[in-house]
Amino acid sequence: MTKTSSIAATTKTIVKKHGRDKSALIAVLQDIQGTFNYLPKDALKAAGKSLGIPFSRVYEVATFYNAFSLKPRGEHIVKICMGTACHVRGAASIQDKMERTLCIKPGETTPDNKFSLETVNCVGACALGPVVVIDTEYHGQMTMNKVDKIIGKFKEEGAQQS
Ligand code: FES
């Protein structure tokens, strides 16, 4: 099975799970992203076809929501909160440090596909600012040292598994 046909087949299964219901488009896209970690173009095409929704409309929805990514993302998603409370507590320096540590800018993924970096608005933990969320884990009162420690831990984990 080619990569394209396997993406299409997986997408069709997801659409079927949602009863081929046009109104479930967002839920379908969430499941596709949950499966592939991003929204492959072939999956968007297959979803549109199976749901009877034009590709242009599927694409419009996929690009409207920040939670969706059209580019492959890393194994770990690093989100730096740039909301007001975090900003006044030095989020910009944390972002700078994170960019230098991972050698990528927001919106990019490391060449080994380990980390993707994103900036987000308030993640609802203002009292802990500056906040960095890695996958689903919140890291509060971030400092330069903490960036090194946390990213170092993730890199170690990867090295132990390989
Ligand atoms: S501004 Fe960062 S958690 Fe609210």
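Being a predicted model, the structure only gives us computed values, none of them experimental.

Scoring rules and cut-offs
- For every chain, the first residue of the written sequence is number 1, and numbering continues from 1 onward in sequence order.
- For this predicted model, a pLDDT threshold of at least 70 governs which residues receive local features, and a threshold of 80 or more governs which side-chain atom pairs are given and counted, while totals over whole chains, interfaces and linings are taken from all residues.
- Each helix corresponds to a stretch of at least 4 residues labelled H or I by DSSP, and each strand to a stretch of at least 2 residues labelled E; elements are numbered beginning at the N terminus.
- Exposure is read from a count of other C-beta atoms within 10 Å of each residue's own; the residue is exposed at 12 or fewer, buried at 20 or more and partly exposed in between. C-beta atoms are placed from the backbone.
- Throughout, a residue-residue contact means that the two C-beta atoms, derived from backbone geometry, are no farther apart than 7 Å.
- What a helix is expected to span follows from its residue count: subtract one and scale by 1.5 Å.
- For our purposes the nonpolar core covers buried Ala, Val, Leu, Ile, Met, Phe, Trp, Tyr and Cys residues that link as a set through C-beta atoms within 7 Å.
- Only the stretch in contact is used when fitting a helix axis, every axis being a line fitted to C-alpha atoms; angles between N-to-C directions are given from 0 to 180 degrees.
- By definition in this entry, angles of less than 35 degrees are roughly parallel, angles greater than 145 are roughly antiparallel, angles of 65 to 115 are roughly perpendicular, and the rest are oblique.
- For a crossing to be left-handed, the near helix must be turned anticlockwise from the far one by less than a right angle; the clockwise case is right-handed.
- Think of it as three bins: nonpolar holds Ala, Val, Leu, Ile, Met, Phe, Trp, Tyr, Cys and Pro, charged holds Asp, Glu, Lys and Arg, and polar takes everything else, Gly as well.

## Some points on the overall build of the protein
In step 1: Tallying secondary structure elements over the protein gives 7 helices and 4 strands in all.
In step 2: Helices (α) and strands (β) of the protein occur, in sequence order from the N terminus, as α-α-α-α-β-α-α-β-β-β-α.
In step 3: The principal-axis extent of the C-alpha atoms belonging to the protein is close to 50 × 40 × 20 Å.
In step 4: Buried residues in the protein amount to 26% of all 162 residues.
In step 5: In the protein, once contacts between residues fewer than 6 apart in sequence are set aside, the share between residues at least 24 apart is 60%.

## Quick notes on helix α1 (residues 3–17)
In step 1: Here α1 spans 21 Å end to end across 15 residues, near enough to the 21 Å set by a 1.5 Å rise per residue.
In step 2: Buried residues in α1 make contact with α2 (25–36) and α3 (41–51).
In step 3: Directly beyond the C-terminal end of α1, a positive phi value near 65 degrees is found at Gly-19.

## Thoughts on the nonpolar core
In step 1: In this structure, Val-78, Ile-80, Cys-81, Ala-91, Ile-94, Met-98 and Val-132 are the most contacted members of the largest nonpolar core, which totals 16 residues.
In step 2: Listing elements by their share of this core, those giving two or more residues are β1 (76–81), α6 (91–102), β2 (115–120) and α7 (144–161).
In step 3: With 4 residues, the single largest contributor to this core is α6.
In step 4: With residues up to four places along the chain from it excluded, the contact list for Val-132 reads Val-78, Lys-79, Ile-80, Ile-94, His-139 and Met-142.

## Points about the packing of α2 against helix α4 (residues 55–64)
In step 1: Packing of α2 against α4 brings their axes to within 11 Å, and their N-to-C directions diverge by 65 degrees. With respect to each other, α2 and α4 are oriented roughly perpendicular. Between α2 and α4 lies a crossing whose hand is right-handed. For the pair formed by α2 and α4, the contact residues are Leu-25, Ile-26 and Leu-29 on the first element and Val-58, Val-61 and Ala-62 on the second.
In step 2: Residues that form the contact of α2 with α4 fall into these classes: 6 nonpolar, no polar and no charged.

## Regarding unusual backbone geometry
In step 1: Cis rather than trans, the peptide bond between Gly-129 and Pro-130 has omega equal to -5 degrees.
In step 2: Mapped onto the elements of the fold, Pro-130 is located in the loop between β2 and β3 (132–134).
In step 3: Positioned with a positive phi, Asp-135 is a non-glycine residue whose angle comes to about 60 degrees.
In step 4: Here Asp-135 lies in the loop between β3 and β4 (137–139).

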